[in-house]
Amino acid sequence: MEATLMVLHLLLILVMGFSVESQLQTGFYSSSCPKAEAIIRATVESHFKMDPTIAAGLLRLHFHDCFVQGCDGSVLIIGPSAERNAPQNLGLRGFEVIDDAKSQLESLCPGVVSCADILALAARDAVDLVKNASSLLRNDVILNSNQRVYIFGNLFQSDGPSWSVPTGRRDGRISLSSQATSLPSPLESITAQRQKFAAKGLDDHDLVTLVGAHTIGQTECRFIKYRLYNFTATGNSDPTIKQSFLAQLQAVCPKDGDGLNRIALDRDSQNKFDVSYFKNVRDGNGVLESDQRLWDDAATRNIVQKYGGTFRGLLGFRFDFEFPKAMVQMSSIEVKTGTQGEIRKVCSKFN
């Protein structure tokens, strides 16, 4: 009897999960606010033109939103005890982009488009803009040298993924900094990270794939200095860092510096959404400790190898295919739909 009840309980959870996810749909605002996605895209593009690094900020903002209270815009709330004040959310960027888009949408379609959806769409658009920017740069350079090489590159070199974003999320009414402990930390073991991803319905493949977003990210020296000068309180550097790369990191992040210098998480192509990040991990050039630890675990190492291997690493097709799938799955975590939550008038405060 107890076993039967347990099976029924698990089935109920699955049915509820499918029911919520099925309420998200591509083109949710096609009738209620037809210009919604175009306005969000244009807004992200205008900010991207002023500061291309905002792309990584928007992607990280969406990730941090989804891991606390689900993808409900709770990270956007301002308040003394709100999520965005948690230590784990230190350095989050891109709030002004979401506020800008929301302001325009409220003028056109008041009370229709959720902040959670704006954030999910903005993250996708940010990646797409990086892709387009790197494509234009590559084409300009190659066209000036050899037309035949340009054609080959255009056919076979992938510039990064894009995807359709199912929408229909509603905004949450809870935002607590104390709940940010559910966010994976760069200081945690792979086992701890795996548990946090699993709690959100994501597996090892999703973990490695989503962390691949670090291909366009940056961090501040203060978050890695311990790896460079006092790893595990020994006074030495992290032995997993390749020695030639260690010298580069120490040059950017001096021991007596204030720790505010920024460093790319992908040393080879921080302006491209490609697979070089995985090659860096493979070669001992991971910047964050959590990045390099992907190589220490047999399961995650296998996935890194598949992305960073010679053939797939050269073309990047596999990552382009897998990253959108992982993003769609992540952006469906514990979403509020139907009559749940609310549609905020201002993204930084509850109605």
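These numbers come from a predicted model, not from an experiment. (Residues numbered from 1 in each chain as written. Predicted model: local features only at pLDDT ≥ 70, side-chain atom pairs only at ≥ 80, totals over all residues. Heavy atoms only, no water.)

*Asks:* Would you explain the overall build of the chain in this entry?
*Replies:* Along the chain, the regular secondary structure elements total 15 helices and two strands. Residue burial in the chain is summarised as follows: out of 351 residues, 50% are buried. Considering only contacts within the chain whose residues lie at least 6 apart along the sequence, 76% involve residues at least 24 apart. For the chain, the exposed area adds up to about 16500 Å²; of that, 58% sits on carbon and sulfur atoms. (Helix = DSSP H or I, 4+ residues; strand = E, 2+ residues; numbered from the N terminus. Buried < 20%, exposed > 50% of the residue type's maximum accessible area, 1.4 Å probe, protein only. Contact = heavy atoms within 4.5 Å. Areas by Shrake-Rupley, 256 points an atom, 1.4 Å probe, with all protein chains shown as cover.)

*Asks:* Can you walk me through unusual backbone geometry in this structure?
*Replies:* Most peptide bonds take the trans form, and the phi angle of most residues other than glycine is negative. Unusually for a residue other than glycine, A233 sits at a positive phi of about 60 degrees. Turning to its location among the elements, A233 is positioned in the loop between α9 (225-229) and α10 (243-252). Backbone geometry places E334, a non-glycine residue, at a positive phi of 45 degrees. Examined against the element boundaries, E334 turns out to sit in the segment after α15 (317-330).

*Asks:* Even after reading the chapter, I still don't get the packing of aromatic side chains, so can you show me in this structure?
*Replies:* Centre distance and the angle of the planes are the two values used to describe a pair of aromatic rings. Under the counting rule described, the total for this entry stands at 13 aromatic pairs. On the basis of an interplanar angle of 65 degrees and a centroid distance of 5.0 Å, the ring pair of F67 and F197 is categorised as edge-to-face. In this pair, F67 is assigned in the loop between α3 (54-66) and α4 (95-108) and F197 in helix α7 (residues 190-198), connecting sequence segments 130 residues apart. Seen in terms of ring centroids, F278 and F319 are 5.2 Å apart; in terms of plane orientation they differ by 75 degrees. Their pairing is edge-to-face. Of this pair, F278 sits in helix α11 (residues 276-282) while F319 sits in helix α15, and the two are 41 residues apart along the sequence. The same class applies to F278 as to F319, namely buried. Grouping aromatic residues by their ring pairs yields a cluster made of W163, F273, Y277, F278, Y307, F319 and F323. One cation-aromatic arrangement involves R84 over F95; the distance from NZ or CZ to the ring centre is 3.6 Å. Between the NZ or CZ atom of R301 and the centre of the ring of W295, over which it lies, the distance is 5.9 Å. (Phe/Tyr/Trp six-rings, centres within 6.5 Å; stacked < 30°, edge-to-face > 60°. Lys NZ or Arg CZ within 6 Å of the ring centre and 35° of its normal.)

*Asks:* Sorry, what's going on with the state of the cysteines here?
*Replies:* What is meant by a disulfide is a covalent connection between two cysteines, made through their sulfur atoms. Counting across every chain of the model gives four disulfides. A sulfur-sulfur distance of 2.1 Å marks the disulfide that ties C115 to C347. The sign of the -95 degrees torsion about the S-S bond sets the C115-C347 disulfide as left-handed. With C115 in helix α5 (residues 115-143) and C347 in the segment after α15, this residue pair connects regions lying 232 residues apart in the sequence. Each sulfur of the disulfide joining C221 and C253 lies 2.0 Å from the other. Sign of the S-S torsion, about -70 degrees for the bond between C221 and C253, identifies this disulfide as left-handed. With a gap of 32 residues between them, C221 in the loop between β1 (218-220) and α9 and C253 in the loop between α10 and β2 (262-264) connect regions that are remote in the sequence. For C221, a relative accessible area of 2% puts it in the buried group. Using a relative accessible area of 1% as the deciding quantity, one classes C253 as buried. Disulfide connectivity for the chain, with bonded cysteines indexed by sequence position, reads 1-4, 2-3, 5-8, 6-7. (Disulfide = S-S within 2.5 Å.)

*Asks:* Sorry, what's going on with the environment of E322 here?
*Replies:* Here E322 shows up in helix α15. E322 sits 113 residues away from T209 along the chain, and the two C-alpha atoms are 7.0 Å apart. Among all residues touching E322, those that are not within four sequence positions of it are H205, T209 and Y307.

*Asks:* Mind showing me how you'd approach the nonpolar core here?
*Replies:* One recurring pattern in soluble globular proteins is that nonpolar side chains are buried together. Ranked by internal contacts, the top residues of the largest apolar core, which has 71 residues, are L59, L76, I98, L294, F323 and M330. No other element matches the 11 residues that α5 contributes to this core. What L76 contacts, discounting residues up to four positions off in sequence, is L61, R84, F95, I98, C115, L119, R344, C347 and S348. Judged by nonpolar contacts, the second largest core, of 13 residues, contains C221, L249, L265 and L288. (Core = buried A, V, L, I, M, F, W, Y, C linked by side-chain atoms within 4.5 Å.)

*Asks:* It is not clear to me how the pattern of salt bridges should be interpreted in this structure. Could you clarify?
*Replies:* Side chains bearing opposite charge may pair, as long as their charged atoms lie close to each other. Taken as a whole, this structure holds 21 salt bridges when the rule is applied. Note that K336 is salt-bridged to D72, the shortest N-O span being 2.9 Å. Of this pair, K336 sits in the segment after α15 while D72 sits in the loop between α3 and α4; the two residues are 264 residues apart in sequence, bridging distant segments of the chain. For the pair K336 and D72, one class covers both residues: buried. A salt bridge links E342 to R173, with the nearest nitrogen and oxygen atoms 3.4 Å apart. With E342 in the segment after α15 and R173 in the loop between α6 (147-156) and α7, the pair connects residues that are 169 residues apart, well separated along the chain. Of the residues examined, R173 reaches a relative accessible area of 52% and is grouped as exposed. (Salt bridge = Lys/Arg side-chain N within 4 Å of Asp/Glu carboxyl O.)

*Asks:* Sorry if this is basic, but what is going on with the packing of α7 against helix α8 (residues 204-211) here?
*Replies:* Each packed pair of helices is defined by two parameters, the angle between the axes and the distance between the axes. At a minimum axis distance of 9 Å, the contact between α7 and α8 shows a crossing angle of 100 degrees. By the angle between their directions, the pair α7 and α8 is classed as roughly perpendicular. Across the interface between the two elements, Q193, R194 and F197 of α7 pack against D204, D206, L207 and L210 of α8. For the contact of α7 with α8, the per-class residue count stands at three nonpolar, one polar and three charged. (Axes fitted to C-alpha atoms, helices over the stretch in contact; angles between N-to-C directions. Parallel < 35°, antiparallel > 145°, perpendicular 65-115°, else oblique. Nonpolar A, V, L, I, M, F, W, Y, C, P; charged D, E, K, R; others polar.)

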